[in-house]
Structure formats: structure tokens, C-alpha cells
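Residue-level structural notes
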Amino acid sequence: MVKFSKELQAQLIPEWKEAFVNYWQLKKNIKKIKLSQRAPQLDDRVDFRISFLDRVSNIGRKISSVVTGGGEKREIIQVRGHGGDEEALYETDLDQLYSERGEIKEFFQSLDEELNKVDQFYKTKEREFLERGEILNKQLQILLDLKQVLHDRRRKSFPSRSDLGSLPRSNSSSVRGSEYSESPAESEEPQSEGSAVDDVIAALERNGLNVIGSGRHKTKKGNQKVGMRIDIPATTPTRTITAVTAMLWEDLVNNPKKEIRGDFINRKKIQCAEKMIKGAFVELYRGLGLLKTYSSLNMVAFTKILKKFDKVANQQASGTYLKVVKRSHFISSDKVVRLADEVESIFTKHFANNDRKKAMKYLRPQQHKESHMITFLVGLFTGCFVTLFSIYAILAHLSGMFSATTEAGYVETVYPIFSMFALLSLHIFLYGCNLFMWKSTRINYNFIFEFSPSTSLKYRDVFLICTSFMTMVVGAMVVHLLLRSNGFSPRHVDAIPGILLLFFTGLLICPFNIFYRSSRYCFMRIVRNIICSPFYKVLMVDFFMADQLTSQIPLLRHMEFTTCYFLAGSFKTHQYDTCTSSKLYKELAYVISFLPYYWRAMQCARRWFDEGDINHIANLGKYVSAMLAAGARLTYAMHPSPLWLGMVIATSSGATVYQLYWDFVKDWGLLNPKSKNRWLRDDLILKRNSIYYFSIGFNFVLRLAWVETVLHLNIGKMDYRLLDFFLASLEIIRRGHWNFYRLENEHLNNVGEFRAVKAVPLPFRGMDSDD
């Protein structure tokens, strides 16, 4: 049977861990009581007196029970609540029997503190969710009113279709593109347009809110001009471009003298607003479910710990205290349950067409059970990869493909293309290791990255992708080597890497629901967001992925060569210096080396613009210094000279110091001289501090890998390509190692602020109508 402490550790909400009952500390208090009862007595006479007093006390309790008729039991503790309902604080008064027992007094003081902590936290969260529920009800009502206005305007605009009738109010919330015109205001006469405006204003005023940007203005003719906008956050490049285009059209194209009645609401804006409100209801329901879990787990914790106390102290105090716990707000209040039922009803009616089963798929998404088939396939592909790689190594040694006497064509073909696949698979493998560690340490990476729990990749899925990917790559390498060594035409054989690249590219963009389509499309959306960094709000997953790209510059350079290799037809002519000697190729090398740092710097600039935090500007400086160091090293590699050697040492040293400080202090939250854990942080997820010290040293060493480009270490007869691949692999390993601590620090920040559900922005905001 699993101990309750382990069960509680497994089920509690990580972000609210500090708000739960400190069950482990209460167990320590009970252990102290147990040890105090077992302590040997120094004087037999004292033992006799204590035992005699105990007997007298027992006799007294029995006599009292007889006198009172045995109808009531004398309570050995009294729990009183002080303050009103909102600020009620519980305090336990011990009976005279316990007045001299310090351990018991300490236990009940701790128990009171935990009860008050749990009750107050529950009240705070309950109040927060109730306020959010009221706001969402107003938002939904505004949405329904505006949709009804749009429907009425469309019906008036097309009288020939009036025989279709109007939708019932209860069904007007479903998004159907045929029900609304794209720009209904443009097809109406001024009189009907003015009445439509009045309808919209009336709908908003009924709910006590105006749409963002709305206001009534008098024109020279005395008519009212009304502007209406729905606040749709620019969370994607598409929304950003649309918002900028609409603003330019309104400010530059439209004639300011013309009586324009504002930016009317249309079908697309309504769809975006409805999607936002729908997501907000889902998050509200999830938060209510977490709060119910919080209440039930704490109740079980109080019950378990009081039973332990009764068993150790040989008393019956649990009944009295549990009565108070059950009367406390976090147990007796039913507001959360009623609000959850109301959210279910609203969501089913307005967002699922009265289909409860469909509504529950959104409100209670079921996580896919981990299949044993995935584990089997991971093992199968791992075995295939090891076997094929061993075969490749033996064949390469026997055929002498990597010897100095062999033509350079094979190495020129194999290295850039297959090393690109190898670096990518190494990064995928380390990401799977990150997922495993995050899950083991209960870091809620799905919440931090805003992934859907039902479709997010598990670590077994990532390992399956990695092993199957590498099995196909090594299999292609074996086939390529066999055909090349058996005298087949290199013109045809060298097309194999290109075919493999096209296959993986096609699989990435494949529209069919096979091989983790949701994750593939999510990856492409994130890459699109990174490329369009300055034009939209930056999310955690976006800059996390951009950081990964800064460690994959060698892979991007290999992609540049591979693209040139096939587009220039080098696999036919076998003139491998066609790309490397080209001026355009060398110039593109600078662009590719700068792009990941540029994207990351633009993300920092956008975050500073949105949040106003000067730390983002400091972070931007880190990536600018990395760009300078990368440019200096690339120039030195092309044009070796003492001047550029000095530039490499200066820029790389400065960038390394900058990066190390940011890694340890900002991203990891370590090197705190005032921490209770020497030079670490106060809160640590891993139990052994030595792991953090090792990680600091490990990251420091790998950050200095650029020194090899300066010293040109002579490691036996190792080919320079193999050395470059080794250094690129070390950087990817450093990034995978960095990922765990980066997300650990982010998780601890969420825990510190008790953030367990996403704050979804809402489309309608209250404002004064006087402009």
C-alpha cells in the first residue's frame, strides 16, 4: 500500500505546493511526540507519580461521565474561530491534560497554522475565479448581442432571403461563416447604417461596457460618428499584419472628411473574439477543477494526520478538530461546484450546440494512455540503429572510404548531409531526455509552453521519432556506401542523400494525420513565429525554440551547403568547390551565422516593448555580442591574420563572460550569495546540491569550446570535419543540459506566483465612451 505522503506528493498541484498542508512537517511533529513518550524517566518515583496522576485523571473522567449521564464526552481540545467569515482564523485551546506537553502544543499550533493557510488560500482563489466567471458572463453576453446585431443587419441587407427566418437566441453563438457578411456596413444605406450603429451601442450599454476604441463623436453636420474595434491580441504574425493593415487603411487611405462610421465589427473579428472567450471558459473550468482537487486533498491530509496523532497520543482529538475542518470555508463552500456546473451548462449551450459529449472533450480533455507499442518500437529502432551503424563502420573500414588515399568525393558528399541529420537527431534525443527529467521532477512543461496535454509529445514519443529518424539515416548511409564501393555511377548514387532530405521535408509538411501531425504543425508555427519575431507577442515556447536555433548554427551551415550542392548540380559534376569558392556562398555564411542571434535579439526587443522590463534590453545585448563573436570567428576562418585573431579573442571572451553570467544568474537563478544553499538559489528541485555545482562547471567548460578555433588543437590524425562535428555536438549537449535548469527556474517562478492556469486575454474591455 502506497503511503499517503507519496500519494500526496504525486497528486498535489506543483504550482500550489506551498499552499498545501505541510503534511511532512506535521509528521515530524508527531514523531517528536512519539519520541517524548518513549524517553526513559530518570526517577522511578516520578514514574509512579505520573502513572498515579494518569490513573486519577482517568478516574476523574469516568466520574464526570457518570455524573453527566454519559450523554456527552468531555472534549480534550477546543477549536475556536476568530474574525469574520472572510478572515476567520482558527486557534486550538488544549485541555489541562495537555498544558504541560510542549510537543503536543507545538503540533496543534502547526496544525492551526496549516488550516488557516489552506482556508485563506482557498478563499483567495475562489474569489479570483468567481470574479473571472462574472467577467466571462459579461463578455459572452456582449458577444451574443453583437452577433445578434450582425445577424439582424444581414437580414435587413438581403430582404430577398428574409424567408429563411432568424436564428433562435440560444443558437446564435455558433460560428457559421454563412450567417454573417464580411463587411455588412459597406452594403447598407446611411440610414440603416446609423440604426445598426445604434443597435450595437445599445447592446454594449446594456452590458455596461464599450468595445475597445469605441466612442461617439460629432461631425460638422451634427451626425454622430462611432468607431468600434474588438481588442484581438497580436499573438500571431497574421493577426499583427492584419491589424497594421487595417490601421494604415483607416489612417491613410480613407478620406478624413468623409463620414466614416468607424471600424465595424465583422465575421472574422467575431470568430476571433468567440475563440478567445471559449478558451477563457476552458481555462476557468480547469482552474475550478484544480481548486476542487486542492480542497479534497487537503481534507484527506488533515484526516490522515489527525488519525496518526490519535494513534500516537492515545487520545480521541481527531473528531473535534475534523468537525472544525469540515465547517471551514474550503470544505463547506459550494460556490466552486456551482460555478463549475454553470460553466459546463454555458459551454455546452453556446460553444458545443447543446452536445455535452462534445463540450466535455474541451473541458475535460482525456490524455492518451501511453502505449506499450511505442516502447517496443523504441527498442526495435534502437537495436536497428546500433546494428546498422556497426555495419557501416565495418564496411567503411574495409573499403577504406575515410583513408587519405581515397578520393575526397565521398567525404565531401557524406559529411555535410549526414552530419546535418546526426546533429538534428542528437538534439531530438536530448529533448526527449529533457521531457523525461521534467516529468520525473514534476515540472509542468505543458503549462509553461502552453501545450495541449492531449496532443503534446511524451518522452517516449520523442525517443521514437529520434530512433526511427536515425535508423533511416544510417540505413541510407549503408546503402550509399555499398553502391559507391561496388562501382555504381556516383552521379546516381550521390542523389540518395537528396532523396532522403526530400522525404523528411515531405513528412514534415504532410497534411495527413499520421506521425504526430499536431506536433509537426506546431513546430512549423513556432518556426514561422521566430522568423516574424518583431511583429507579434513573444511566447515562452517561441524564445525557447529560438535559443535552440542559436546552438544549431553548424546544422544551418550544413543546410546551406546541401542546398547549394543539389541546386548547383554538384552531385552530377562532382565539382565540390563550386559552392565553397562562391562569393555569394561566403556572404550567406555570415547571414546564416547571424540569423538565430538576430531573431532572438528581436524577440528581446519585442518583449521590452510589450513589458517595459529593462532586463530584456540587457538580454538583447548578449545576443548582439554573440553576433559579433560569430562574425569575427567566421572572418578569421576565411582570412587568418593576427588582427582578426585578436578580434576573435576579444569578442569571444566578452561574449562568453556575458553568456555565463546570464546562464547562471538570470536563466538558472544560481550564484546567489545570500541563498540558504551556498551560491545556489533558495528553492531547488533536485535534492543534491552537488549536481548544481557540477552543472555550473560543465556549462563553463562547454562555453569555452570556441578556444579550439584559436588554438587549432592537433588531436592525432583526426579530420577537421570530424573535429567540427564533435564541437557542434558539444554545443548541442550544452544546450540540452541548459534546457532543464532553464525550465526549472521558470517553474519555480510560476510556483512563487501560484500560477496554475493560463490568463487568457479577453476581446472586450470597459472604457469611457467620452472621447
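Criteria and cut-off values
Residues numbered from 1 in each chain as written. Predicted model: local features only at pLDDT ≥ 70, side-chain atom pairs only at ≥ 80, totals over all residues. Heavy atoms only, no water. Helix = DSSP H or I, 4+ residues; strand = E, 2+ residues; numbered from the N terminus. Buried < 20%, exposed > 50% of the residue type's maximum accessible area, 1.4 Å probe, protein only. Contact = heavy atoms within 4.5 Å. Areas by Shrake-Rupley, 256 points an atom, 1.4 Å probe, with all protein chains shown as cover. Core = buried A, V, L, I, M, F, W, Y, C linked by side-chain atoms within 4.5 Å. Salt bridge = Lys/Arg side-chain N within 4 Å of Asp/Glu carboxyl O. Axes fitted to C-alpha atoms, helices over the stretch in contact; angles between N-to-C directions. Parallel < 35°, antiparallel > 145°, perpendicular 65-115°, else oblique. Left-handed = near helix turned anticlockwise from the far one by under 90°. Nonpolar A, V, L, I, M, F, W, Y, C, P; charged D, E, K, R; others polar. Arc of directions from axis to C-beta. Polar contact = N/O pair within 3.5 Å; in protein donor to acceptor, adjacent residues only side chain to side chain. pLDDT = per-residue confidence, 0-100. Phe/Tyr/Trp six-rings, centres within 6.5 Å; stacked < 30°, edge-to-face > 60°. Lys NZ or Arg CZ within 6 Å of the ring centre and 35° of its normal. Patch = residues over 30% accessible without salt bridge, like charges linked within 9 Å, V, L, I, M, F, W, Y side chains within 5 Å. Lys, Arg positive; Asp, Glu negative; His and termini not counted. Charge placed at Lys NZ, Arg CZ, Asp CG, Glu CD. Disulfide = S-S within 2.5 Å.

Turning next to the overall build of the chain. Counting its regular elements, the chain contains 28 helices and 4 strands. Out of the 771 residues belonging to the chain, those deemed buried represent 44%. Considering only intrachain contacts with a sequence separation of at least 6, the fraction spanning at least 24 residues in the chain is 75%. Entry remark: accessible area of the chain is about 41,900 Å², with carbon and sulfur atoms responsible for 60%.

On to the nonpolar core. Ranked by internal contacts, the top residues of the largest apolar core, which has 70 residues, are W16, F107, L111, F281, Y294 and F309. Where this core is concerned, the elements lending two or more residues are α1 (4-11), α2 (23-38), α4 (102-157), α7 (267-313), α8 (318-327), α10 (335-351) and α11 (356-363). Here this core takes 20 residues from α7, the largest share from any one element. Residues I374, L464, I465 and I530 belong to the second largest nonpolar core, which totals 36 residues.

On to the pattern of salt bridges. Enumeration over the complete set of coordinates arrives at 19 salt bridges. Between E746 and R742 there is a salt bridge, with the nearest N and O atoms lying 3.5 Å from each other. Linking E746 with R742, this pair stays in helix α28 (residues 720-753), spanning 4 residues, or about one helical turn. Residue classification places R742 among the buried positions, given a relative accessible area of 11%.

Contact geometry for α1 and α7: axes closest at 11 Å, N-to-C directions at 165 degrees. Taken together, the axes of α1 and α7 lie roughly antiparallel to each other. The handedness of the crossing between α1 and α7 comes out as left-handed. Taking contact as the criterion, the partners of F4, L8 and Q11 in α1 are, on α7, L297, V300, A301 and K304. For the contact of α1 with α7, a count of residues per class yields 5 nonpolar, 1 polar and 1 charged.

Turning to α11, its buried residues number three or more, namely A359, M360 and L363. Down the axis of α11, the sector holding all buried residues measures 100 degrees, keeping them to one side. Away from the buried face of α11 by more than 90 degrees, exposed residues K357 and K361 are located. For α11, the capping residue at the N-terminal end is D355, with a side-chain oxygen 3.2 Å from the backbone nitrogen of K357.

Quick look at the packing of helix α24 (residues 614-638) against helix α25 (residues 642-667) now. Their axes nearest at 8 Å, the elements α24 and α25 cross at an angle of 150 degrees. Here α24 lies roughly antiparallel to α25, going by the angle between them. In terms of crossing hand, the pair formed by α24 and α25 is left-handed. Looking at the contact of α24 with α25 residue by residue, the classes come out as 13 nonpolar, 8 polar and 4 charged.

Even without a glycine there, the phi angle at N354 is positive, about 60 degrees. Checked against the element boundaries, N354 lands in the loop between α10 and α11. A positive phi is found at W679, a non-glycine position, where the angle reads about 60 degrees. The topology assignment puts W679 in the loop between α25 and α26 (689-703). Judged by relative accessible area, which is 45%, W679 ranks as partly exposed.

This brings us to the confidence of the model for the chain. In regions of low pLDDT, the predicted coordinates are not meant to be interpreted in detail. Mean pLDDT over the chain stands at 79; residues scoring 70 or higher make up 75%. Per-residue pLDDT stays below 50 along residues 55-74; that stretch engages in 4 contacts with residues further than four places along the chain or on separate chains. Contacts of residues 210-228 to residues separated by more than four positions or lying in other chains number 60 contacts, the stretch itself having pLDDT below 50.

The subject of this paragraph is the side chain of Q659. Summarising the element assignment, Q659 is placed in helix α25. Residues in contact with Q659, not counting those within four places in the same chain, are K622, A626 and R703.

What the rule picks out here adds up to 39 aromatic pairs. Ring plane angle 75 degrees and centroid distance 5.9 Å describe the contact between F421 and F469, whose orientation is recorded as edge-to-face. Residue F421 is located in helix α13 (residues 409-440), and its partner F469 is located in helix α15 (residues 459-485); the two are separated by 48 residues in the primary sequence. Pair check on accessibility: F421 and F469 agree, each one buried. Clustering of aromatic rings is evident, with ring pairs tying together Y431, W438, Y445, F449, F451, F544 and W738. Lying over the aromatic face of W662, K666 brings its terminal NZ or CZ to 5.8 Å of the ring centre. Positioned over the ring face of W738 is R735, at 4.6 Å from the centre of the ring.

So, about the side chain of N739. Looking at the element boundaries, N739 is found in helix α28. Its relative accessible area of 2% is what places N739 among the buried residues. Of the polar contacts made by the side chain of N739, one reaches the side chain of Q548; its length is 3.0 Å. In this structure N739 touches N434, W438, F544 and Q548, once residues within four positions along its chain are discounted.

This paragraph deals with a nonpolar patch on the surface. A cluster of nonpolar side chains, namely W608, F609, I614 and I617, defines an oily patch on the protein surface of about 440 Å² accessible area. Contributions of two or more residues to the nonpolar patch are made by α23 (583-611) and α24. As for its placement among the helices and strands, I614 is situated in helix α24. Judged by relative accessible area, which is 57%, I614 ranks as exposed.

All right, on to a positive patch on the surface then. Together, K3, K6, K31, K34, R38, K304, K307, K308 and K311 make up a region of like positive charge exposed at the surface. For the positive patch, the secondary structure elements donating two or more residues are α2 and α7. It is α7 that contributes the most residues to the positive patch, 4 residues altogether. Among the secondary structure elements, K3 is positioned in the segment before α1.

What follows concerns the state of the cysteines. Linking two cysteines covalently through their sulfur atoms gives a disulfide. In the structure shown here, the tally under the stated rule is 0 disulfides. Between C433, a free cysteine, and C466, which holds the nearest cysteine sulfur, the sulfur-to-sulfur gap is 8.7 Å.

For the rest of this paragraph, the subject is the environment of L144. Along the chain, the position of L144 falls in helix α4. Its relative accessible area of 5% is what places L144 among the buried residues. Considering only alpha carbons, one finds L144 and I270, 126 residues apart in sequence, at a separation of 9.8 Å.

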